[in-house]
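Remarks on the overall topology
Take a look at the letters that make up each chain.
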Amino acid sequence: MKRSPMTSKSVLVAVVLALALAASGGPAAGPKKPLSYDAYDGWRSIQGTQLSRDGRWLAYALVPQDGDGELVVRDLKTDKEHRAARGRGAVLTADGKFAVFTVAPVKAEVDKAKKDKKKPEEQPKSGLGIMDLATGLVTTVDRVKSFKVAEDSGAFVAYLLEPPLKKPDEKKDEAKTEEAKKEPSAKPEAKPEVKAAPGPEAPKADEPKKEEKKKEPGTELVVRELATGKETRIAEAVEYAWNKPGTWLAYGVSSKIPENDGAFALEAAAGRTVPLLKGLGNYKNLTFDEKGGQLAFVSDRDDYKADKPAFKLYHWSTAEGTGKVVAKAHKASSAAVELVAVSAASELVPAQAKGFPAGLAVSENGRLRFSKDGGRLFFGIAAVPEPEPKDAPE
(Lines give C-alpha, C1' and ligand atoms only; values in the text may rest on other atoms or scores of the structure.)
Protein backbone atom coordinates (compact mmCIF):
# COMPACT_ATOMS: atom_id res chain seq x y z
CA MET A 1 0.00 0.00 0.00
CA LYS A 2 1.40 3.33 -0.98
CA ARG A 3 1.48 6.05 1.71
CA SER A 4 0.69 9.62 0.79
CA PRO A 5 3.49 12.20 1.18
CA MET A 6 1.30 14.09 3.70
CA THR A 7 1.00 11.05 5.99
CA SER A 8 4.78 10.39 6.01
CA LYS A 9 5.46 14.04 6.82
CA SER A 10 2.99 13.93 9.75
CA VAL A 11 4.71 10.86 11.21
CA LEU A 12 8.14 12.52 10.92
CA VAL A 13 6.92 15.68 12.68
CA ALA A 14 5.36 13.58 15.48
CA VAL A 15 8.63 11.69 16.06
CA VAL A 16 10.68 14.90 16.19
CA LEU A 17 8.17 16.45 18.63
CA ALA A 18 8.26 13.39 20.89
CA LEU A 19 12.07 13.48 21.04
CA ALA A 20 12.02 17.17 21.87
CA LEU A 21 9.54 16.63 24.72
CA ALA A 22 11.61 13.77 26.09
CA ALA A 23 14.75 15.93 26.11
CA SER A 24 12.97 18.72 27.96
CA GLY A 25 11.46 16.41 30.59
CA GLY A 26 7.93 16.34 29.17
CA PRO A 27 5.23 18.95 29.04
CA ALA A 28 4.83 18.91 32.86
CA ALA A 29 8.52 19.65 33.55
CA GLY A 30 9.21 23.21 34.70
CA PRO A 31 12.45 25.14 34.97
CA LYS A 32 15.29 23.53 36.98
CA LYS A 33 15.28 24.42 40.68
CA PRO A 34 18.31 26.55 41.55
CA LEU A 35 20.73 25.12 44.15
CA SER A 36 20.34 27.04 47.43
CA TYR A 37 22.76 27.35 50.34
CA ASP A 38 20.56 24.99 52.36
CA ALA A 39 21.66 22.16 50.10
CA TYR A 40 25.26 22.62 51.20
CA ASP A 41 24.33 21.80 54.81
CA GLY A 42 23.55 18.23 53.83
CA TRP A 43 26.85 17.65 52.05
CA ARG A 44 29.16 15.43 54.11
CA SER A 45 32.94 15.27 54.14
CA ILE A 46 35.25 12.50 55.33
CA GLN A 47 37.53 13.50 58.20
CA GLY A 48 40.02 11.87 60.57
CA THR A 49 40.78 8.70 58.63
CA GLN A 50 42.58 5.97 60.59
CA LEU A 51 43.81 2.58 59.38
CA SER A 52 44.52 -0.23 61.84
CA ARG A 53 48.04 -1.65 61.98
CA ASP A 54 47.00 -4.91 60.36
CA GLY A 55 45.23 -3.02 57.55
CA ARG A 56 41.86 -4.60 58.27
CA TRP A 57 39.91 -1.71 59.81
CA LEU A 58 39.33 1.76 58.39
CA ALA A 59 37.77 4.44 60.59
CA TYR A 60 36.55 7.88 59.50
CA ALA A 61 33.98 10.50 60.43
CA LEU A 62 31.22 11.59 58.04
CA VAL A 63 30.69 15.25 58.91
CA PRO A 64 27.93 17.44 57.41
CA GLN A 65 28.38 21.17 56.87
CA ASP A 66 25.65 21.75 59.44
CA GLY A 67 24.28 19.09 61.77
CA ASP A 68 25.45 15.94 63.53
CA GLY A 69 27.95 13.60 61.94
CA GLU A 70 28.73 9.93 62.55
CA LEU A 71 31.71 7.65 62.89
CA VAL A 72 32.10 4.80 60.41
CA VAL A 73 34.41 1.84 61.10
CA ARG A 74 34.64 -0.44 58.07
CA ASP A 75 35.99 -3.99 57.97
CA LEU A 76 37.98 -4.00 54.71
CA LYS A 77 38.03 -7.81 54.73
CA THR A 78 34.24 -8.31 54.82
CA ASP A 79 32.94 -4.80 53.88
CA LYS A 80 30.87 -4.83 57.08
CA GLU A 81 30.42 -1.44 58.78
CA HIS A 82 29.90 -0.30 62.39
CA ARG A 83 28.52 3.20 62.94
CA ALA A 84 28.31 5.50 65.96
CA ALA A 85 26.29 8.72 66.11
CA ARG A 86 28.32 11.95 66.43
CA GLY A 87 31.62 10.04 66.67
CA ARG A 88 34.86 11.64 65.51
CA GLY A 89 38.63 11.57 66.12
CA ALA A 90 38.83 7.79 66.39
CA VAL A 91 41.93 5.95 67.60
CA LEU A 92 42.25 2.27 66.65
CA THR A 93 44.11 0.30 69.30
CA ALA A 94 47.39 -1.38 68.39
CA ASP A 95 45.83 -4.85 68.64
CA GLY A 96 42.97 -3.90 66.30
CA LYS A 97 40.27 -4.82 68.81
CA PHE A 98 38.82 -1.44 69.80
CA ALA A 99 38.08 2.01 68.41
CA VAL A 100 38.14 4.82 70.98
CA PHE A 101 36.66 8.15 69.91
CA THR A 102 35.12 11.46 70.92
CA VAL A 103 31.33 11.77 70.94
CA ALA A 104 30.36 15.33 69.98
CA PRO A 105 27.38 16.95 71.75
CA VAL A 106 24.11 17.28 69.81
CA LYS A 107 24.47 20.41 67.67
CA ALA A 108 20.90 21.57 68.29
CA GLU A 109 21.54 21.47 72.05
CA VAL A 110 24.79 23.42 71.65
CA ASP A 111 23.04 26.07 69.54
CA LYS A 112 20.23 26.38 72.10
CA ALA A 113 22.67 26.74 75.00
CA LYS A 114 24.51 29.52 73.17
CA LYS A 115 21.24 31.25 72.34
CA ASP A 116 20.23 31.05 76.01
CA LYS A 117 23.65 32.54 76.89
CA LYS A 118 24.57 29.73 79.24
CA LYS A 119 27.98 29.79 80.89
CA PRO A 120 30.65 27.67 79.17
CA GLU A 121 30.64 25.15 82.03
CA GLU A 122 26.85 24.72 81.66
CA GLN A 123 26.92 24.11 77.91
CA PRO A 124 26.78 20.56 76.47
CA LYS A 125 30.15 18.80 76.54
CA SER A 126 31.75 16.07 74.46
CA GLY A 127 31.78 12.47 75.62
CA LEU A 128 33.79 9.31 74.99
CA GLY A 129 32.92 6.27 72.90
CA ILE A 130 34.52 2.82 73.05
CA MET A 131 33.62 0.44 70.22
CA ASP A 132 34.30 -3.31 70.35
CA LEU A 133 35.23 -4.05 66.74
CA ALA A 134 34.26 -7.73 67.00
CA THR A 135 30.63 -6.90 67.84
CA GLY A 136 30.16 -3.22 67.04
CA LEU A 137 28.93 -2.65 70.60
CA VAL A 138 29.58 0.93 71.78
CA THR A 139 30.07 2.04 75.39
CA THR A 140 29.72 5.79 76.00
CA VAL A 141 30.82 8.09 78.83
CA ASP A 142 29.40 11.61 79.25
CA ARG A 143 31.36 14.81 79.87
CA VAL A 144 34.91 13.81 78.95
CA LYS A 145 37.63 16.43 78.44
CA SER A 146 40.20 14.20 76.75
CA PHE A 147 41.36 10.63 76.34
CA LYS A 148 44.64 8.86 75.57
CA VAL A 149 45.54 5.36 74.40
CA ALA A 150 49.10 4.02 74.55
CA GLU A 151 50.71 3.87 71.13
CA ASP A 152 51.82 0.22 71.32
CA SER A 153 49.09 -1.24 73.52
CA GLY A 154 45.36 -1.84 73.31
CA ALA A 155 44.85 -2.87 76.93
CA PHE A 156 43.84 0.44 78.55
CA VAL A 157 42.38 3.86 77.87
CA ALA A 158 42.79 6.84 80.20
CA TYR A 159 40.31 9.71 80.11
CA LEU A 160 39.89 12.94 82.06
CA LEU A 161 36.37 13.98 83.05
CA GLU A 162 34.86 17.46 83.01
CA PRO A 163 34.12 19.03 86.41
CA PRO A 164 30.76 17.83 87.78
CA LEU A 165 27.80 20.14 87.19
CA LYS A 166 27.00 22.37 90.16
CA LYS A 167 23.82 21.67 92.09
CA PRO A 168 21.15 24.42 92.36
CA ASP A 169 22.08 25.09 96.02
CA GLU A 170 25.73 25.52 95.08
CA LYS A 171 24.79 27.99 92.35
CA LYS A 172 22.76 30.07 94.83
CA ASP A 173 25.64 30.17 97.32
CA GLU A 174 28.04 31.19 94.56
CA ALA A 175 25.71 33.99 93.42
CA LYS A 176 25.44 35.30 97.01
CA THR A 177 29.23 35.32 97.32
CA GLU A 178 29.59 37.29 94.09
CA GLU A 179 26.99 39.83 95.22
CA ALA A 180 28.76 40.25 98.56
CA LYS A 181 32.00 41.02 96.73
CA LYS A 182 30.29 43.75 94.67
CA GLU A 183 28.76 45.53 97.70
CA PRO A 184 31.00 48.34 99.03
CA SER A 185 32.21 47.74 102.57
CA ALA A 186 31.01 50.19 105.22
CA LYS A 187 33.58 52.83 106.15
CA PRO A 188 34.58 52.91 109.84
CA GLU A 189 33.77 56.02 111.85
CA ALA A 190 36.51 58.65 111.93
CA LYS A 191 38.45 58.76 115.20
CA PRO A 192 40.53 61.67 116.54
CA GLU A 193 44.12 61.37 115.45
CA VAL A 194 46.51 60.38 118.24
CA LYS A 195 50.20 60.96 117.67
CA ALA A 196 52.17 57.91 118.64
CA ALA A 197 55.69 57.90 119.99
CA PRO A 198 58.37 57.33 117.37
CA GLY A 199 59.15 53.69 116.81
CA PRO A 200 59.14 51.00 114.14
CA GLU A 201 56.80 51.82 111.30
CA ALA A 202 53.56 49.87 111.55
CA PRO A 203 51.84 48.53 108.42
CA LYS A 204 49.28 50.87 106.94
CA ALA A 205 45.68 49.88 107.62
CA ASP A 206 44.55 50.73 104.12
CA GLU A 207 47.39 48.85 102.47
CA PRO A 208 45.86 46.12 100.29
CA LYS A 209 46.57 42.56 101.34
CA LYS A 210 48.45 40.36 98.95
CA GLU A 211 46.02 38.13 97.09
CA GLU A 212 46.45 34.43 97.66
CA LYS A 213 47.47 32.53 94.56
CA LYS A 214 44.60 30.66 92.94
CA LYS A 215 45.12 27.19 91.55
CA GLU A 216 42.27 25.35 89.91
CA PRO A 217 41.77 21.82 91.26
CA GLY A 218 41.92 18.96 88.79
CA THR A 219 39.14 16.56 87.85
CA GLU A 220 38.68 12.80 87.97
CA LEU A 221 41.00 10.70 85.81
CA VAL A 222 39.72 7.22 84.87
CA VAL A 223 41.92 4.34 83.69
CA ARG A 224 39.76 1.66 82.07
CA GLU A 225 40.78 -1.83 81.02
CA LEU A 226 39.17 -2.20 77.60
CA ALA A 227 38.62 -5.96 77.63
CA THR A 228 36.98 -6.17 81.08
CA GLY A 229 35.68 -2.64 81.76
CA LYS A 230 37.52 -2.58 85.11
CA GLU A 231 38.29 1.00 86.19
CA THR A 232 40.78 2.80 88.41
CA ARG A 233 39.75 6.34 89.41
CA ILE A 234 42.17 9.09 90.37
CA ALA A 235 40.97 12.34 91.98
CA GLU A 236 41.95 15.88 90.97
CA ALA A 237 44.24 15.09 88.02
CA VAL A 238 45.25 17.83 85.58
CA GLU A 239 47.73 16.26 83.16
CA TYR A 240 48.56 12.68 82.16
CA ALA A 241 50.67 10.69 79.70
CA TRP A 242 51.15 7.03 78.76
CA ASN A 243 54.50 5.50 78.01
CA LYS A 244 54.67 3.88 74.58
CA PRO A 245 54.21 0.24 75.74
CA GLY A 246 51.20 1.23 77.88
CA THR A 247 52.69 -0.16 81.08
CA TRP A 248 52.92 3.14 83.00
CA LEU A 249 50.66 6.19 83.18
CA ALA A 250 52.19 9.37 84.64
CA TYR A 251 49.89 12.09 85.95
CA GLY A 252 49.93 15.37 87.84
CA VAL A 253 47.52 16.29 90.64
CA SER A 254 46.25 19.76 91.57
CA SER A 255 44.30 19.37 94.80
CA LYS A 256 42.21 21.53 97.13
CA ILE A 257 44.44 20.07 99.85
CA PRO A 258 47.97 21.41 99.17
CA GLU A 259 49.84 18.38 100.47
CA ASN A 260 48.03 16.17 97.93
CA ASP A 261 49.57 18.01 94.96
CA GLY A 262 52.20 16.01 93.13
CA ALA A 263 53.41 13.91 90.23
CA PHE A 264 52.64 10.19 90.28
CA ALA A 265 53.04 7.09 88.13
CA LEU A 266 50.51 4.26 87.88
CA GLU A 267 51.63 0.79 86.87
CA ALA A 268 48.50 -0.06 84.89
CA ALA A 269 48.46 -3.87 85.04
CA ALA A 270 49.35 -4.10 88.75
CA GLY A 271 47.34 -1.05 89.84
CA ARG A 272 50.38 0.18 91.80
CA THR A 273 50.89 3.94 92.27
CA VAL A 274 54.35 5.44 92.79
CA PRO A 275 54.62 9.01 94.20
CA LEU A 276 57.34 10.81 92.23
CA LEU A 277 57.26 14.27 93.83
CA LYS A 278 54.75 15.81 96.26
CA GLY A 279 53.91 19.25 97.68
CA LEU A 280 52.03 22.44 96.81
CA GLY A 281 52.79 23.42 93.24
CA ASN A 282 52.27 22.74 89.54
CA TYR A 283 53.48 19.59 87.77
CA LYS A 284 53.72 19.85 84.01
CA ASN A 285 55.07 18.50 80.71
CA LEU A 286 55.07 14.81 81.67
CA THR A 287 57.19 13.11 78.98
CA PHE A 288 58.37 9.51 78.54
CA ASP A 289 61.31 8.39 76.45
CA GLU A 290 60.97 6.18 73.36
CA LYS A 291 61.25 2.89 75.24
CA GLY A 292 58.94 4.03 78.05
CA GLY A 293 61.46 3.47 80.84
CA GLN A 294 62.22 7.11 81.73
CA LEU A 295 60.03 10.07 82.62
CA ALA A 296 60.80 13.80 82.79
CA PHE A 297 58.65 16.69 84.00
CA VAL A 298 58.91 20.21 85.43
CA SER A 299 57.53 21.65 88.68
CA ASP A 300 57.55 24.91 90.64
CA ARG A 301 57.02 23.13 93.98
CA ASP A 302 60.09 24.67 95.65
CA ASP A 303 59.22 28.21 94.57
CA TYR A 304 55.43 28.08 94.23
CA LYS A 305 54.62 30.98 96.58
CA ALA A 306 56.78 33.44 94.65
CA ASP A 307 55.09 35.96 92.36
CA LYS A 308 56.97 34.45 89.42
CA PRO A 309 58.03 30.99 90.53
CA ALA A 310 61.00 29.24 89.00
CA PHE A 311 60.50 25.73 87.61
CA LYS A 312 62.86 22.82 88.10
CA LEU A 313 63.46 19.77 85.94
CA TYR A 314 62.90 16.24 87.31
CA HIS A 315 63.69 12.74 86.06
CA TRP A 316 62.47 9.29 87.06
CA SER A 317 63.06 5.76 85.82
CA THR A 318 60.57 2.91 85.85
CA ALA A 319 63.34 0.35 86.41
CA GLU A 320 64.37 -0.50 89.97
CA GLY A 321 67.64 0.97 91.14
CA THR A 322 67.75 3.75 88.50
CA GLY A 323 66.61 7.31 88.31
CA LYS A 324 69.07 9.85 89.64
CA VAL A 325 70.99 11.74 87.01
CA VAL A 326 74.39 13.33 86.89
CA ALA A 327 73.93 16.50 84.84
CA LYS A 328 76.56 16.82 82.14
CA ALA A 329 76.24 19.29 79.27
CA HIS A 330 76.33 17.78 75.78
CA LYS A 331 77.31 21.01 74.01
CA ALA A 332 78.00 24.47 75.31
CA SER A 333 75.16 25.98 73.24
CA SER A 334 72.58 23.26 73.81
CA ALA A 335 69.97 22.67 76.49
CA ALA A 336 70.68 18.99 77.02
CA VAL A 337 72.04 16.72 79.72
CA GLU A 338 73.41 13.20 79.57
CA LEU A 339 71.48 10.79 81.75
CA VAL A 340 73.47 8.46 83.99
CA ALA A 341 71.45 6.06 86.14
CA VAL A 342 72.26 6.10 89.86
CA SER A 343 69.56 5.32 92.46
CA ALA A 344 66.27 7.25 92.91
CA ALA A 345 64.01 9.77 91.21
CA SER A 346 65.44 13.25 91.65
CA GLU A 347 65.89 16.80 90.42
CA LEU A 348 68.20 17.59 87.53
CA VAL A 349 70.34 20.67 88.02
CA PRO A 350 71.31 21.75 84.51
CA ALA A 351 72.54 25.15 85.74
CA GLN A 352 75.44 23.34 87.39
CA ALA A 353 76.40 21.60 84.17
CA LYS A 354 79.50 22.86 82.40
CA GLY A 355 78.64 25.23 79.59
CA PHE A 356 75.08 26.05 80.71
CA PRO A 357 74.24 29.68 79.78
CA ALA A 358 74.38 32.09 82.74
CA GLY A 359 71.19 33.91 83.72
CA LEU A 360 68.96 31.24 82.19
CA ALA A 361 66.83 28.53 83.80
CA VAL A 362 64.43 25.72 82.94
CA SER A 363 61.35 27.00 81.08
CA GLU A 364 57.92 25.82 82.22
CA ASN A 365 56.64 26.13 78.63
CA GLY A 366 59.52 24.44 76.84
CA ARG A 367 58.97 21.07 75.24
CA LEU A 368 60.70 18.11 76.89
CA ARG A 369 62.17 15.47 74.57
CA PHE A 370 64.44 12.48 75.04
CA SER A 371 67.00 11.48 72.44
CA LYS A 372 66.11 8.33 70.51
CA ASP A 373 68.49 6.19 72.55
CA GLY A 374 67.24 7.71 75.83
CA GLY A 375 70.70 8.95 76.78
CA ARG A 376 69.94 12.68 76.64
CA LEU A 377 67.07 14.93 77.63
CA PHE A 378 66.34 18.16 75.77
CA PHE A 379 64.38 20.99 77.38
CA GLY A 380 63.52 24.66 76.95
CA ILE A 381 65.35 27.47 78.74
CA ALA A 382 64.37 31.04 79.51
CA ALA A 383 65.57 34.01 81.54
CA VAL A 384 65.48 33.46 85.29
CA PRO A 385 62.10 34.88 86.44
CA GLU A 386 62.42 38.05 88.50
CA PRO A 387 59.71 39.45 90.79
CA GLU A 388 58.11 42.71 89.75
CA PRO A 389 59.14 45.73 91.88
CA LYS A 390 56.54 46.74 94.50
CA ASP A 391 56.25 50.28 93.12
CA ALA A 392 55.77 49.12 89.52
CA PRO A 393 52.81 50.77 87.71
CA GLU A 394 49.79 48.54 87.19
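The sections below set out a description of the structure shown in this document.

1. Topic: the pattern of salt bridges
Here the structure, examined in full by the defined rule, presents 21 salt bridges. Here Lys284 and Glu364 are joined by a salt bridge, their closest N and O atoms 2.8 Å apart. Taken together, the residues span a long stretch of sequence, with Lys284 in strand β16 (residues 283–288) and Glu364 in the loop between β21 (360–362) and β22 (369–370) at a distance of 80 residues. Here the residues in one salt-bridge network are Arg44, Glu70, Arg74, Asp79, Glu81 and Arg83, joined through shared partners.

2. Remarks on the sheet that holds strand β9 (residues 144–149)
The strand order across the open sheet built from 7 strands is β9-β10-β11-β12-β13-β14-β15, with neighbouring strands paired in antiparallel fashion. With partners counted over all chains shown, the strands left at the sheet margins are β9 and β15 (272–278), one partner each. Looking at each pair of strands side by side, their axes are set apart by 40 degrees on average, direction ignored.

3. Some words on the nonpolar core
What tends to happen in soluble globular proteins is that the nonpolar side chains get buried as a cluster. Counting residues in hydrophobic clusters, the biggest one holds 16 residues, and the most contacted among them are Ala158, Leu221, Val223, Tyr240, Trp242, Leu249 and Tyr251. Mapped by element, the contributors of at least two residues to this core are β10 (156–161), β11 (219–225), β12 (231–242), β13 (248–253) and β14 (262–267). Take this core: its biggest share by element is 4 residues, from β12. One finds Ala250, Ala263, Phe288 and Tyr314 within the second-largest nonpolar core, a separate group that totals 15 residues.

4. Quick look at the sheet that holds strand β17 (residues 294–299)
Read from one edge of the open sheet, 4 strands run β16-β17-β18-β20, paired in antiparallel fashion. Unpaired on one side and paired on the other, β16 and β20 (346–348) mark the two borders of the sheet. Neighbour-to-neighbour, the strand axes of this sheet turn through a mean angle of 30 degrees, independent of strand direction. The pairing of β17 with strand β18 (residues 312–317) spans 6 bridges and is classified as antiparallel.

5. Examining the side chain of Gln294
For Gln294, the position within the fold is in strand β17. At 2.8 Å, the side chain of Gln294 and the backbone oxygen of Gly374 are in polar contact.

6. Thoughts on the side chain of Lys215
Considering the arrangement of structural elements, one finds Lys215 in the loop between α4 (168–182) and β11. Separated by 3.0 Å, the side chains of Lys215 and Ser254 make a polar contact. Among the polar contacts made by the side chain of Lys215, one reaches the side chain of Asp261 at a distance of 2.7 Å. If near-sequence neighbours (up to four positions away) are discounted, Lys215 is found in contact with Ser254, Ser255, Asp261, Leu280, Gly281, Asn282 and Tyr304.

What counts and how
Residues numbered from 1 in each chain as written. Predicted model: local features only at pLDDT ≥ 70, side-chain atom pairs only at ≥ 80, totals over all residues. Heavy atoms only, no water. Salt bridge = Lys/Arg side-chain N within 4 Å of Asp/Glu carboxyl O. Helix = DSSP H or I, 4+ residues; strand = E, 2+ residues; numbered from the N terminus. Pairing = 2+ DSSP bridges. Axes fitted to C-alpha atoms, helices over the stretch in contact; angles between N-to-C directions. Core = buried A, V, L, I, M, F, W, Y, C linked by side-chain atoms within 4.5 Å. Buried < 20%, exposed > 50% of the residue type's maximum accessible area, 1.4 Å probe, protein only. Polar contact = N/O pair within 3.5 Å; in protein donor to acceptor, adjacent residues only side chain to side chain. Contact = heavy atoms within 4.5 Å.

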